[in-house]
Amino acid sequence: MTVEIIGITILLGIFFLLMFLKIPIAFAMGISSIVTAIYLDIPTIMVFQRMVNGLNSFTFLAVPFFIVAGQIMSEGGISKRLIKFSNVLVGKIRGGMAVVNVFASMLFGGISGSSVADVSSIGSFLIPMMEENGYDKDYSVAVTVTSSVQGVIIPPSQNVIYYSLAAGGLSVGKLFLGGYIPGIILGLALMFLSYGIAVKRNYPKGQSYTLKESISIILDALIGLFTVVIIMGGILFGIFTATESAAIATVYAFIVTWLVYRELGLKKMYKVLKDSVQTLSIIVAIIGTSSAFAFLLAYLRVPTMVTNLLLGISDNRIVIILLINLLLLVLGMLMDMGILILLLTPILLPVAIEIGMDPIQFGIMMMLNLGIGLCTPPVGTSLFVGCAIAKLKIENSIKALLPFYAVMVAVLLLVIFAPGVVMFLPNLMD
């Protein structure tokens, strides 16, 4: 065997062995990278330099700000107000509470940027409420979990920032804009499906409000939703960068939840900062070690090998794209989304570029594809959270999820084969 093949075997072999032994993913990547570097006679200092370089990015500064902003909004009462706001707009129809669930997830996803945060915040309110109003438990979980995928692609998505870093510094602003139309299409598709099932099962209509109550609820919610205007308006009109918008949005979220909503006291703020630091420490470790891991993959020419392998299977662009998506779907069922973005982007992005796919489109395709994995066993994080809230076994939720999977895959195919859906808004920035 050649040195490259042995190096790849050592790198991937140790990595998967350590994962099998349930060693934390950051340690698995770091240890396998150091051992491989020693075998290849690469100075280990270079491995640590790559770790530092992976974090030495102005773009990465947006991540902690978005994490803190999302935590503030979760603890500060914004999710309750978004549910009421959604109820005013779409809650009066048959199965209105399910449609409200999807719409609220669309709005909250645009603030938290996290599928799991969405399920935790929106689901903790709506899943019990839906059960109390006669909705089946598995249906309530299916609606909540699948609608949370909007948070993965509707800005500001933390995972999009990971992709930007892994792809060598793509424009975060363009990636954010690329996720809007697919995210809204996904939301509308899930609303129509939820409504259709609700009518078939004769679920109840949602709550009605008087005109005075409706105006009060809308105005109250719009104060929190202005966070989205700050983030995307500032980026779109060139007022500030994605990182600057994240910082300003965090300050605004704190002011709103502390002074206006008055639900974020010192005790809750301590919890916000504690949870944010815990989350960020994991992210920093993973991004740092994944940068070293990706460096060794590139050094061993793994991306080139994968490109040649896929192009060797077929020269048909559609076949290659479908193979990439099949790989992402399978791996998304088995591994965490953020880790897969950092590991697979350096390998698969060159293939996508080779067959003529724009990096922005590929990024949104990857986000949506891996977002489906968040709802899919055995490692679907969002599905685990939703089932835990509902006290429902995961295997008992699968049947209700099947039509929702079909809708998400249909939107994924639209993203793949209708690039204008993704590229329309980013092209406006050129």
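Our subject is the structure listed above.
Here's what I pulled together on the structure shown here.

Parameters and conventions
Residues numbered from 1 in each chain as written. Predicted model: local features only at pLDDT ≥ 70, side-chain atom pairs only at ≥ 80, totals over all residues. Heavy atoms only, no water. Core = buried A, V, L, I, M, F, W, Y, C linked by side-chain atoms within 4.5 Å. Buried < 20%, exposed > 50% of the residue type's maximum accessible area, 1.4 Å probe, protein only. Helix = DSSP H or I, 4+ residues; strand = E, 2+ residues; numbered from the N terminus. Contact = heavy atoms within 4.5 Å. Phe/Tyr/Trp six-rings, centres within 6.5 Å; stacked < 30°, edge-to-face > 60°. Patch = residues over 30% accessible without salt bridge, like charges linked within 9 Å, V, L, I, M, F, W, Y side chains within 5 Å. Areas by Shrake-Rupley, 256 points an atom, 1.4 Å probe, with all protein chains shown as cover. Salt bridge = Lys/Arg side-chain N within 4 Å of Asp/Glu carboxyl O. Axes fitted to C-alpha atoms, helices over the stretch in contact; angles between N-to-C directions. Parallel < 35°, antiparallel > 145°, perpendicular 65-115°, else oblique. Left-handed = near helix turned anticlockwise from the far one by under 90°. Nonpolar A, V, L, I, M, F, W, Y, C, P; charged D, E, K, R; others polar.

**Points about the nonpolar core**
Considering soluble globular proteins, one finds that nonpolar side chains tend to be buried as a cluster. In this structure, Tyr 139, Ile 324, Phe 362, Met 365, Met 366 and Met 367 are the most contacted members of the largest nonpolar core, which totals 143 residues. With 12 residues, the top contributor of residues to this core is helix 17 (residues 337-354). Here Met 367 is in contact with Val 152, Ile 153, Asn 159, Val 160, Tyr 163, Met 337 and Ile 341, once residues within four sequence places are set aside.

**Focus: the packing of aromatic side chains**
What the rule picks out here adds up to 10 aromatic pairs. Ring plane angle 65° and centroid distance 5.1 Å describe the contact between Phe 15 and Phe 16, whose orientation is recorded as edge-to-face. Judged by relative accessible area, which is 2%, Phe 15 ranks as buried. Relative to Tyr 299, the ring of Phe 295 lies with its centre 6.2 Å away and its plane at 45°, an arrangement referred to as tilted. Of this pair, Phe 295 and Tyr 299 both sit in helix 14 (residues 266-299), 4 residues apart, roughly one helical turn. Residue class for Tyr 299 comes out partly exposed when judged on its relative accessible area of 45%. Members of the aromatic cluster, each reached through a chain of ring pairs, are Tyr 135, Tyr 139, Tyr 203 and Phe 404.

**Comments concerning a nonpolar patch on the surface**
On the surface, a nonpolar cluster with roughly 690 Å² of combined accessible area is contributed by Leu 17, Phe 20, Leu 21, Ile 23, Phe 27, Ile 31 and Val 35. Every element with two or more residues in the nonpolar patch is listed here: helix 1 (3-20) and helix 2 (25-39). The dominant element in the nonpolar patch, judged by the number of residues it contributes, is helix 2, at 3 residues. Relative to the assigned elements, Phe 20 resides in helix 1.

**Observations regarding the pattern of salt bridges**
Taken as a whole, this structure holds 6 salt bridges when the rule is applied. For the salt bridge of Arg 81 with Asp 220, the shortest nitrogen-to-oxygen distance reads 2.8 Å. Taken as a pair, Arg 81 in helix 5 (residues 78-90) and Asp 220 in helix 12 (residues 211-236) lie far apart in primary sequence, 139 residues in all. Using a relative accessible area of 14% as the deciding quantity, one classes Arg 81 as buried. A salt bridge links Arg 81 to Glu 263; the nearest nitrogen and oxygen atoms lie 3.1 Å apart.

**Digging into the packing of helix 16 (residues 317-332) against helix 20 (residues 398-417)**
For the pair helix 16 and helix 20, the least separation of the axes is 12 Å and the interaxial angle reads 140°. With respect to helix 20, the element helix 16 is oriented oblique. For the pair helix 16 and helix 20, the sense of crossing is right-handed. On helix 20, the residues that touch Ile 318, Ile 321, Leu 322 and Asn 325 of helix 16 are Leu 412, Ile 416 and Phe 417. Considered class by class, the residues forming the contact of helix 16 with helix 20 number 6 nonpolar, 1 polar and no charged.

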